[in-house]
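An overview of the molecular structure
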2 protein chains.
Amino acid sequence: MAIVTPGKMIAEDISEESVCGPSRVLWISEAGGLTQFGAFIEILSPGSRSSLKHWHKSEDEMVYVLEGTVTVIEGDTETLLHPGDAATFGAGEPTGHFLENRSDAPTRCLVVGTRAPVDVISYPDHNRVCLRYRSLPDDVWTDGRGDPASNPYG
Amino acid sequence: MAIVTPGKMIAEDISEESVCGPSRVLWISEAGGLTQFGAFIEILSPGSRSSLKHWHKSEDEMVYVLEGTVTVIEGDTETLLHPGDAATFGAGEPTGHFLENRSDAPTRCLVVGTRAPVDVISYPDHNRVCLRYRSLPDDVWTDGRGDPASNPYG
C-alpha cells in the first residue's frame, strides 16, 4: 500500500507554450506504484485543454470532475460537466474527445485510463496516429496513411 | 462517450445486516459502459467498512477520498485519509486491507480497480480465498488449504 497525499503526487507541469495551454498533472498511479492503470489529478487553467482531440483503440478512459466546470467535447458534441459528474470513453469508440476549461477559474478532474500493452491513438482533426508500445521508450507517430509524421503536440 | 451524472450512476445498497455495515455504491464504470476497470463512488455510513480485510493477486486498486475522513487499515497499520488523499494497493502485495468510517458522518470515496480475467482474493483474517473468473457467473470460495468453504460475507 502507498498513501498518496497531495504533496506526494508527482507533479508534471505543461507549459504556457503548449498547444493545449498550461496545465498541471498530479500523478497518483506513479506515486503509488500502480502499473495497470494511470490515475492523476488534472488541473486545467482557464482556456486550457486536456489534449488534442483523440480516441484510444485499446484503453478505457474516465474523467471525474472534482472542482469547477469542464466542457467535454466529443466529435461535434459539447457537454458541460459539473463537480460530481463523470464521463467515460470506452476503448475503440472511434470518436475523438478532449476536455476544455471554458470557465475563468482553474478546474480539477480525476482522470483514469487503462495501460494496454499496445495502443493506437487516433487524432482525427490532425491527420495523425500515435502507436504506443508500452515496452518501448517512445511513441511512434504517423499520418492517417501510415507514413512517418510529426508529433502534433510539437 | 457516456456522460455519467450522479443520477445516472447505478446504485447498489449494502444492507444494515451486512457483515461490513450499511453502505451505498454508485457505479460509474457500469453506467458508462467500461469493462477494463471498475470505478464507483463508495458512501460508507458511520461505523461501516468497505469490505473484509483482503488483497488481490492480479488487480491494482486505488481509493481517492472525496468527502469526510476515512481510515485505511493495511495489516496492523491504520492511517487516517482526508479529502484529496489517495491510497494505492498494487496487485500481488500480500497484505490485507480495507476502509473503515470511524467518523460520525457519511464518507465518500472514488474507488478504482482493474478487471483482470482471473483474480485470487485472499482474506487472511478469515481463512478464506476467493477465486474469481470473470468469464464465470459466480466466485468460488475455499479455505486457505483449498477446500470448499463458505462465503465470509454471508
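The present account deals with the structure reproduced in this document. Computed from a predicted model, the values in this text were never measured in an experiment. (Residues numbered from 1 in each chain as written. Chains lettered and ligands numbered in written order. Predicted model: local features only at pLDDT ≥ 70, side-chain atom pairs only at ≥ 80, totals over all residues.)

Observations concerning the overall build of chain A
A count of helices and strands for chain A gives one helix and 14 strands. For chain A, the C-alpha radius of gyration of 15 Å lies close to 15 Å, the compact-globule estimate for 154 residues. Taking all 154 residues of chain A together, 36% fall into the buried category. In chain A, once contacts between residues fewer than 6 apart in sequence are set aside, the share between residues at least 24 apart is 61%. (Helix = DSSP H or I, 4+ residues; strand = E, 2+ residues; numbered from the N terminus. Rg over C-alpha atoms; globule rule 2.2 N^0.38 Å. Buried ≥ 20, exposed ≤ 12 C-beta atoms within 10 Å, placed from the backbone. Contact = placed C-beta atoms within 7 Å.)

Here's the deal with the interface of chain A and chain B
Counting residues at the interface gives 33 residues for chain A and 33 residues for chain B. The element contributing the most residues to the side of chain A that touches chain B is strand E9 (residues 86-89) of chain A, with four residues. Within the side of chain A that touches chain B, the residues separate by chemical class into 17 nonpolar, twelve polar and four charged. (Nonpolar A, V, L, I, M, F, W, Y, C, P; charged D, E, K, R; others polar.)

What to know about the sheet that holds strand E4 (residues 37-44) of chain B
Spatial ordering of the open sheet is given by E1(A)-E9(B)-E6(B)-E11(B)-E4(B)-E3(B)-E2(B), a layout of seven strands whose pairing is antiparallel. Across the chains shown, the open sheet's two edge strands, defined by having one partner strand only, are strand E1 (2-4) of chain A together with strand E2 (10-14) of chain B. Averaged over neighbouring strand pairs, the angle between their axes works out to 20° when direction is ignored. Relative to strand E9 (residues 86-89) of chain B, E1 of chain A runs antiparallel, the two being bridged by three bridges. Bridged to Ile-3 of chain A within E9 of chain B is Ala-87 of chain B. (Pairing = 2+ DSSP bridges. Axes fitted to C-alpha atoms, helices over the stretch in contact; angles between N-to-C directions.)

Quick notes on unusual backbone geometry
Its identity as a non-glycine residue notwithstanding, Asn-127 of chain A has a phi of 50°, on the positive side. Residue placement: Asn-127 of chain A occurs in the loop between strand E12 (118-123) and strand E13 (128-133).

Concerning the nonpolar core
In this structure, Tyr-64 and Leu-110 of chain A together with Tyr-64 and Leu-110 of chain B are the most contacted members of the largest nonpolar core, which totals 56 residues. Setting aside residues up to four positions removed in sequence, Tyr-64 of chain B forms contacts with Leu-110 of chain A together with Ala-86, Cys-109 and Leu-110 of chain B. (Core = buried A, V, L, I, M, F, W, Y, C linked by C-beta atoms within 7 Å.)

Things to note about the sheet that holds strand E4 (residues 37-44) of chain A
Ordered by their spatial adjacency, seven strands build an open sheet running E2(A)-E3(A)-E4(A)-E11(A)-E6(A)-E9(A)-E1(B), and the pairing between neighbours is antiparallel. Either end of the sheet is taken by a strand with one partner, and the two such strands are strand E2 (10-14) of chain A together with strand E1 (2-4) of chain B. Direction aside, neighbouring strands of the sheet carry axes that sit 20° apart on average.

Notes on the relation of the copies chain A and chain B
After a rotation of 180° and a shift along the axis of 0.0 Å, chain A superposes on chain B with an RMSD of 0.0 Å. Those values place the two copies in the arrangement expected of a two-fold rotation axis. Looking at chain A, 100% of its interface residues are interface residues in chain B too, so the copies touch through the same face. (Least-squares fit on C-alpha atoms with pLDDT ≥ 70 in both.)

Describing the environment of Ser-48 of chain A
All names here are of chain A. Within the secondary structure, Ser-48 sits in the loop between E4 and strand E5 (55-56). The spatial distance from the C-alpha of Ser-48 to the C-alpha of Glu-16 is 9.2 Å, given a sequence separation of 32 residues. In this view, Ser-48 contacts Cys-20, Gly-21, Pro-22, Ser-23 and Asn-101; residues no more than four positions away in its chain are not counted.

Quick word on the environment of Ser-15 of chain A
Residue and element names in this part refer to chain A. Relative to the elements of secondary structure, Ser-15 occurs in the loop between E2 and strand E3 (23-27). What makes Ser-15 exposed here is the crowd of 8 C-beta atoms within 10 Å. C-alpha of Ser-15 to C-alpha of Val-111: the two residues are 96 residues apart in sequence and 19 Å apart in space.

What to know about the environment of Phe-40 of chain B
Residues and elements named next belong to chain B. Mapped onto the elements of the fold, Phe-40 is located in strand E4. Exposure remark for Phe-40: the 22 C-beta atoms within 10 Å place this residue in the buried category. As for Phe-40 and Trp-27, which are separated by 13 residues in sequence, their C-alpha atoms are 4.3 Å apart. Dropping the residues within four chain positions of it, Phe-40 is found in contact with Val-25, Leu-26, Trp-27, Ile-28, Ser-29 and Val-111.

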